Amino acid sequence: MEWLNAENVVAVLTAVLGILASGGVLWYERRVPRRRRIGYRVQMDTPIGSDVRAGRPNFRLGLFNEAPEMSDATLVLLRIENDGSQSIADNDYTGREIHGLTAEFTDRTVRAIAVTQPPGAEHLMDHFTAAAGMRHTGGTIHLPRVPLNQGQHFKLLVLLTGGPVGSAIRVTGGLRDGDVAPNRSTTPDDTPPLFSRAARVITVLLTVCVVALATIIVARDDSRPPIGCARGELTVTGSTAFAPVVRELAKKYEKDCEGATVTVDAHGSNAGIRALAEAGAASEDGSPAVIALADGPKPGGYPQLRETRVAVSVFSLVVNDRVTLKNLSLDAVRKLYRGEITDWSQLGGPDLPVLLVSRDANSGTREVFQRRVLHRNEPVNSSRDCTHKDDAEAPVVRCELGSTEQVLATVADLPGAIGYSELRSGSGLKGLHRLTIDGDAPSVDDIGETGYPYREIEYAYTYGRPPADSLVSSFLTYMSRGGGQDVITTHGHLPCATPKGLRICGEE
């Protein structure tokens, strides 16, 4: 049975023990009468004489040395307390005599008594009178019927002679619905135990159960496989900017879902759209195992493709570190890409020629840049090596590269170069830095709150509606709404399924 595992067994045992303990306490409170109890204990029994029968010989001065019959004297400190569950009144003592308790010191004779009380209980002293039964004869002390609230106590400091240290000491007396018995203290200040033994045992057992349950929960593998794992082979193509996210998603899905193989083959958004359309047209069942990712909506002319909005991506302009500028106005960016600014000194930067490092026509990152920032197409390609003009009449050097990685490496290598990339791709690289536009920084955290223009929705396209039990549907759900959202967030994108993402993805 699936529920019969270590975690559930410990949880059930903990719950049963808690119920039994609670029920036991309730039953005890209702069925077992609460008892009165007087406890006593010897806190000190020490020799003060020189007789070796009373203990180890010691050094004495003053009255201890001069008083007669002190050679075998001992001092005893006896604590008497109410350690029961109810207060004790004077009429709760049941003896026939006027006194309530009797303290007997076997083989010793009482010579003197001093009674002490704790702070706040000075009223107890009013009861220690001869009229109330306070007296001593031989080795016996008769104590009055002293009322004691729960936890209250008094102490007797008794001077004795005639017997050795450690002779038996016993307190007796009768209590209505109660008894008198020796007790002991486990704390240095001799306070009575706060919890009973039963309470301590139950607490220990419950603690052991809770710790065992917590250990199982912490030690277990909480990673759950994606809902509706599917087997088979899947190809994900399209956006190179979103490719790092998809590669990590593919590895996690394959690890969690046995029998699934997800291949990431990114060649640009437009190339991915065309590849999906061709695969769909050639597929016999009309729904090939292909997903195309695009930075922004697909171009027209592909009515069979069905979209799913996955995430919001932020892109940034990157420039070589030799260009000391940190911010460009939107107007300056457009002039750069119209060829109207050919040297960085025209914008207050260094005396370096402008080199435009762009993506090829298949790039969704380029499509977003043209649509969101330039509001027009980039100028024609004028260089194959990104350094020299192939067209002498071109106003600036402009080259096209096949991937985001190539763009970043080239910009970092060429003084005066400017390019663009997905936000996370441009971080941590040496030789280049990101630019703000009109003072607005590229940031996923501030997306939708600033006027930063270079952003777009990442779309996932399928050819028609794939079967619900197919690997295409399963992986698409995992990526857009399932556990894949954590991976998307880690890579610096905003999942559309989050509250903020829903608002932005729904508006655009």
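Look up: the structure comes first, before these words.
The numbers attached to residues start from 1 for each chain and follow its sequence in the written order. Where totals are concerned, whole chains, interfaces and linings use all residues; where local detail is concerned, this predicted model gives features only for residues with pLDDT of at least 70, and gives and counts side-chain atom pairs only at 80 or more. Calculated side-chain values reflect all of the structure's heavy atoms, with hydrogen atoms and water omitted.

### Regarding the state of the cysteines
What counts here: Disulfides are defined in this document as cysteine sulfur pairs within 2.5 Å. Burial classes: relative accessible area under 20% of the type maximum marks a residue as buried, over 50% as exposed, and values in between as partly exposed (1.4 Å probe, protein chains only).
A full pass over the atoms with the stated rule returns three disulfides. Put simply, Cys 496 and Cys 505 are joined by a disulfide, and their sulfur atoms are 2.0 Å apart. Judged by the sign of its S-S torsion, about -70 degrees, the bond between Cys 496 and Cys 505 is left-handed. For the pair shown, Cys 496 and Cys 505 are each scored as buried. Taken in N- to C-terminal order, the disulfide-linked cysteines of the protein are connected 1-2, 3-4, 5-6.

### Re helix α11 (residues 499–507)
Inclusion rule: Secondary structure counts use DSSP, requiring at least four H or I residues in a row for a helix and at least two E residues in a row for a strand, with both numbered from the N terminus. The arc in question is formed by the directions pointing from the helix axis toward the C-beta atoms. Whether two residues are in contact is decided by their heavy atoms, any of which lying within 4.5 Å being enough.
Residues Gly 501, Ile 504 and Cys 505 constitute the buried set of α11. Along α11, the residues classed as buried sweep out an arc of 95 degrees about the axis, all on the same side. Turned more than 90 degrees away from the buried face of α11 sit Pro 499, Leu 502, Gly 506 and Glu 507, all of them exposed. Against β13 (305–320), β19 (455–463) and β20 (494–495) lie the buried residues of α11.

### Examining the environment of Thr 342
Considering the arrangement of structural elements, one finds Thr 342 in the loop between α6 (330–338) and β15 (355–359). For Thr 342, a relative accessible area of 34% translates into the label partly exposed. Every residue in contact with Thr 342, bar those within four places of it in the chain, is listed here: Leu 352, Pro 353, Val 354, Pro 395 and Val 396.

### With respect to the sheet that holds strand β3 (residues 101–105)
Our working rule: Any two strands between which DSSP finds at least two bridges are classified as paired. The convention used is that axes are lines fitted to C-alpha atoms, helices contributing only their stretch in contact, and that angles between N-to-C directions extend from 0 to 180 degrees.
The antiparallel open sheet is built from four strands, whose spatial order is β5-β6-β3-β8. For this open sheet the edge positions go to β5 (135–137) and β8 (169–173), each flanked by a neighbour on one side alone. The average undirected angle you get between the axes of adjacent strands in this sheet is 20 degrees. Two elements, β3 and β8, share five bridges in a ladder whose sense is antiparallel. Across the sheet, the residue bridging to Phe 105 is Ile 169, located in β8.

### A few points about the packing of aromatic side chains
So the rule is basically this: Classification of ring pairs uses Phe, Tyr and Trp, with its six-membered ring standing for Trp, and accepts pairs whose centres are within 6.5 Å; under 30 degrees between planes counts as stacked, over 60 as edge-to-face, and the remaining range as tilted.
Taken as a whole and assessed by the stated rule, the structure comprises 10 aromatic pairs. For the ring pair Tyr 337 and Phe 369, a centre distance of 4.9 Å and an interplane angle of 70 degrees mean the geometry is edge-to-face. With a gap of 32 residues between them, Tyr 337 in helix α6 and Phe 369 in helix α7 (residues 364–374) connect regions that are remote in the sequence. Taken as a pair, Tyr 337 and Phe 369 share a single burial class, namely buried. Look at Tyr 420 and Tyr 454: their rings are 6.4 Å apart centre to centre, the planes differ by 80 degrees, and that puts the pair in the edge-to-face class. A residue pair is termed long-range when its members are at least 10 positions apart, and Tyr 420 in strand β17 (residues 417–422) and Tyr 454 in the loop between β18 (432–437) and β19 qualify at 34 residues. On the basis of relative accessibility, which here comes to 1%, the residue Tyr 420 falls in the buried class. Three or more aromatic residues link up through ring pairs in this structure, and these residues are Phe 315, Tyr 337, Phe 369, Tyr 420 and Tyr 454.

### Examining the side chain of Thr 102
Rules: Here a polar contact means two N or O atoms within 3.5 Å. Within protein one must be a hydrogen donor candidate and the other an acceptor candidate, and residues neighboring in sequence count only if both atoms are side-chain atoms.
With respect to the element layout, Thr 102 can be found in strand β3. Separated by 3.3 Å, the side chains of Thr 102 and His 99 make a polar contact. With near-sequence residues (within four places) excluded, Thr 102 lies in contact with Thr 140, Ile 141, His 142, Arg 170, Val 171 and Thr 172.

### Examining the pairing of β18
Two strands pair when backbone bridges link them, and β13 and β18 are joined in this way by four bridges, in the antiparallel orientation. Considered in β18, the bridge of Val 319 is made with His 433. Pairing between strand β14 (residues 327–328) and β18: two bridges, direction parallel. The residue of β18 that forms the bridge with Asn 327 is Thr 436.

### Some words on the packing of α6 against α7
Cut-off, in case you're wondering: Working rule for angles: under 35 degrees goes down as roughly parallel, over 145 as roughly antiparallel, 65 to 115 as roughly perpendicular, anything else as oblique. Following the grouping adopted for this structure description, the nonpolar residues are Ala, Val, Leu, Ile, Met, Phe, Trp, Tyr, Cys and Pro, the charged ones are Asp, Glu, Lys and Arg, and the polar ones are all others, Gly among them.
Contact geometry of α6 with α7 gives a least axis separation of 11 Å together with a crossing angle of 130 degrees. Classed by the angle they form, the pair α6 and α7 counts as oblique. In this structure, α6 contributes Leu 330, Val 333, Arg 334 and Tyr 337 to the contact, and α7 contributes Phe 369, Val 373 and Leu 374. Within the contact of α6 with α7, the residues separate by chemical class into six nonpolar, no polar and one charged.

### Observations concerning the packing of helix α4 (residues 243–256) against helix α9 (residues 471–480)
Rules: If you view the pair so one helix is near and one far, a crossing is left-handed when the near helix is turned anticlockwise from the far one by less than a right angle, and right-handed when it is turned clockwise.
Two numbers describe how α4 lies on α9: the axes approach to 11 Å, and their chain directions differ by 115 degrees. Between α4 and α9 lies a crossing whose hand is right-handed. Contacts between α4 and α9 involve Val 246, Leu 249, Ala 250, Lys 252, Tyr 253 and Asp 256 from the first element and Leu 471, Ser 474, Phe 475, Tyr 478 and Met 479 from the second. Taken together, the residues of the contact of α4 with α9 break down into eight nonpolar, one polar and two charged.

### Brief notes about empty space enclosed by the protein
Cut-off, in case you're wondering: With a 1 Å grid laid over protein atoms only, a set of points is called a cavity when a 1.4 Å probe fits there but cannot get out and a pocket when it is open yet has protein on both sides within 12 Å along at least five of seven lines; lining residues have an atom within 4 Å of a point. Grid points are joined across faces, edges and corners, and a volume is the space filled by probe spheres set on the points.
In the structure shown here, the tally under the stated rule is one cavity of 30 Å³ or more. When its volume is computed, the largest cavity comes out at roughly 40 Å³. Lining of the largest cavity is provided by Val 314, Ala 441, Ser 443, Asp 446, Ile 447, Gly 448, Thr 450, Tyr 452 and Arg 455. Looking at the lining of the largest cavity residue by residue, the classes come out as four nonpolar, three polar and two charged.

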